[in-house]
Amino acid sequence: MPGDLAIKTENLWRIYTVQGKRREPRKEVIALRDVNLEIPRGELFGLLGPNGAGKTTLIKILTTLLAPTSGRAWVAGFDVVHESHKIRPLINMVSGGETSGYGLLTVRENLWMFAQFYGIPSSEANRRIEELLRRVGLAEWMHAKVSQLSTGMRQKMNVVRGFLTEPEILFLDEPTLGLDVNAARQIRQLIKEWLAEHPNRTILLTTHYMQEADELCDRVAIIDQGRIVACDSPAALKQRLQREAIFELDITYPNDLAPRSLEAISGVRRALVSETDTGAKLDLVLEEESVLAEVIHVLSTHSIQVRRLTKREPTLEDVFVELVGRPFDEE
Amino acid sequence: MSLWSWWVAHLMKSKARGWKLFLKTVIARAYPRVIAQQREKSWIFFDVFLPMLAVSAYVFIYRAIGAPEDYVGFVVLGGAMTAFWLNVLWSMSTQFYWEKETGNLSLFIMAPAPKMAILLGMALGGMVATSLRAGTIIIVGSFLFRVRYSVFNPPLLAVVFILTLVALYGLGMMNASLFLLWGREAWHLASLAQEPIYLLSGFYFPIKSLGFWVAVLASLIPLTLGLDAMRQLLFPSGSALGFLNVYLEVAGLAVLSVIFLAAARFLLNYMERKAISEGRLLEIQR
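Because the structure is predicted, anything quoted here is derived from the model rather than measured.

Each value, and the rule that gives it
- Residues numbered from 1 in each chain as written.
- Chains lettered and ligands numbered in written order.
- Predicted model: local features only at pLDDT ≥ 70, side-chain atom pairs only at ≥ 80, totals over all residues.
- Helix = DSSP H or I, 4+ residues; strand = E, 2+ residues; numbered from the N terminus.
- Buried ≥ 20, exposed ≤ 12 C-beta atoms within 10 Å, placed from the backbone.
- Contact = placed C-beta atoms within 7 Å.
- Core = buried A, V, L, I, M, F, W, Y, C linked by C-beta atoms within 7 Å.
- Pairing = 2+ DSSP bridges.
- Arc of directions from axis to C-beta.

Caption draft 1: How the structure looks around the overall build of chain B. Check the secondary structure of chain B and you find 13 helices and zero strands. Secondary structure of chain B in N-to-C order comes out as α-α-α-α-α-α-α-α-α-α-α-α-α. C-alpha extents for chain B along the principal axes are approximately 75 × 50 × 40 Å. Relative to its full complement of 286 residues, chain B shows a buried share of 47%. Pairs at least 24 residues apart make up 83% of the contacts formed inside chain B by residues separated by at least 6 positions.

If you want it as structure tokens, here you go:
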């Protein structure tokens, strides 16, 4: 593996064997299918996919917690199966919604304990803890018991735990999951600052928040059903849809209109209808703008009123739908 | 920056490795048990008051039937050692199950810290925290029931006590490694083991009463030999009611310590590899 790569995977597969219901034979679930990735040092790489796409499985393999069924993976140049002891001092991981630590310990004590597992001298650990807690706005809670923290505060503490050991490669698995807007923003800010201060460090971020991936990542891999379906910079991925016209329409509830009848119109590449509180939202991807007139005509023949029409730039969600053929939140 | 100050700064920041990392890990993992567990004052009720009720019941029975007064001391000592057994069962053997549930286990495995140091830290912390509880039971029980001790050989008593704890927590470490793969089954097994060991280890009566071969079998549990040896060294009638010669029991405890600790080390490595291969370290089982 070349020295400038932080992470590399080669034909990586992970298959779980799960027990079905009683008397049913065990069945196999493919979590990862032939995953090939190369992530250079210093990159913030995003792994984007819906729940169950295989993001966490890939992270568990790269953090030496899970063995691949076949294929190989290297982290910092070391094989995840045979050289895990060389990888572990160089990495750390934070998962969204994790409840690690001990409720009876204070925030500082918990973080100090995990720092000791990495051999960090106590004085240095305490200095870093204070600094990182200040940066995520948790300094006032340093001496509070972990059991007294809210979910958001606890997640901030976990994020601090990840950065505390100054890993060469940091794995962030849905780090802002379930956080309020402010807390999520503080964490994203810390991620950006940390990478700016340590340009040679690498972060692998998994998320199903498209905007987060768009804002933070240098490159993004879209993963679905265990397969990497695309891998490029967010701008390049969106560029694929740039030549198409994307519209978002607020419409009255479409009782007898199936999206397929809209997709039958020549020039309509995709039509997605989703319910809203006041009616429905229609997402349209058209080959050219002129097709819109025909779409509106069809809507009016079904007595559907258009309340608002917006033309917008493509998002990563549009890219996902284009590649996978279904909306992001539809598993 | 002078060479000296650079070296000091480097030393302050450099990460420990080898035996230093091992020691740091032991202390760090023992910390939550030694310090934090005392913050929850409910332990006085659950770990001292409730066990004292069982001790009291046996004391009243022995006094009602006119048993020798040393039996009261046997019961108080047994009650104190119960605290260690419960700690080994619920806070050692099943600990990795709880760590898996909270998400700590994957962080422990992923850290560069030696896993054996994490287990040892758990055991050491448990020993210290439980000694406080056991000591309280001894003091309160001895005061309430006016127990009289005749310590014949204090250094040997200390050796027996320490070896008993080492062997007992070695058993706990071995079980913890064994249960690394399991989920709720570990919890059920611990439930299943709790009461029979009270009987087999003679917590409230001399083990000799069970007969030689049952006592030999029960000696696989370190508490059996430890309790018997301590009773022989603490009470005048202890040696008459003792199962084996104290020195033989010390040798037995030493052998058990070595076997359990070696087995814990082997099983921990084996189970870690197996759990990683089968994907059973993950909090969410697939």
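Caption draft 2: Representation of the nonpolar core in the model. Core analysis: the largest hydrophobic core is formed by 158 residues, its most contacted members being A:Val75, B:Val75 and B:Met81. In this view, A:Val75 contacts A:Ile7, A:Leu62, A:Val80, A:Ile87, A:Ile91 and A:Ile169; residues no more than four positions away in its chain are not counted. Counting 11 residues, the second largest nonpolar core, distinct from the first, contains A:Leu249, A:Leu262, A:Leu282 and A:Leu284.

Caption draft 3: Inspection of the sheet that holds strand β5 (residues 78-79) of chain A at higher detail. Residue and element names in this part refer to chain A. Taken together, four strands build an open sheet; the order of strands is β2-β1-β4-β5 and the sheet is antiparallel. Only two strands of the sheet have a single partner each, and these edge strands are β2 (27-40) and β5. Sheet topology note: the strand β1 (residues 5-18)/strand β4 (residues 70-75) ladder contains five bridges and is antiparallel. When the sheet's bridge partners are listed, Trp13 is paired in β4 with Ser70.

Caption draft 4: Region of the structure containing helix α5 (residues 95-102) of chain B. All names here are of chain B. Three or more residues of α5 are buried, namely Gln95, Phe96, Glu99 and Lys100. Taken end-on, α5 shows its buried residues confined to a sector of 135 degrees, consistent with a single buried face. On its buried face, α5 sits against α4 (70-93), α6 (104-110), α7 (115-145) and α8 (154-178). Remark: Gly103 follows α5 within two positions and exhibits a positive phi of approximately 95 degrees.

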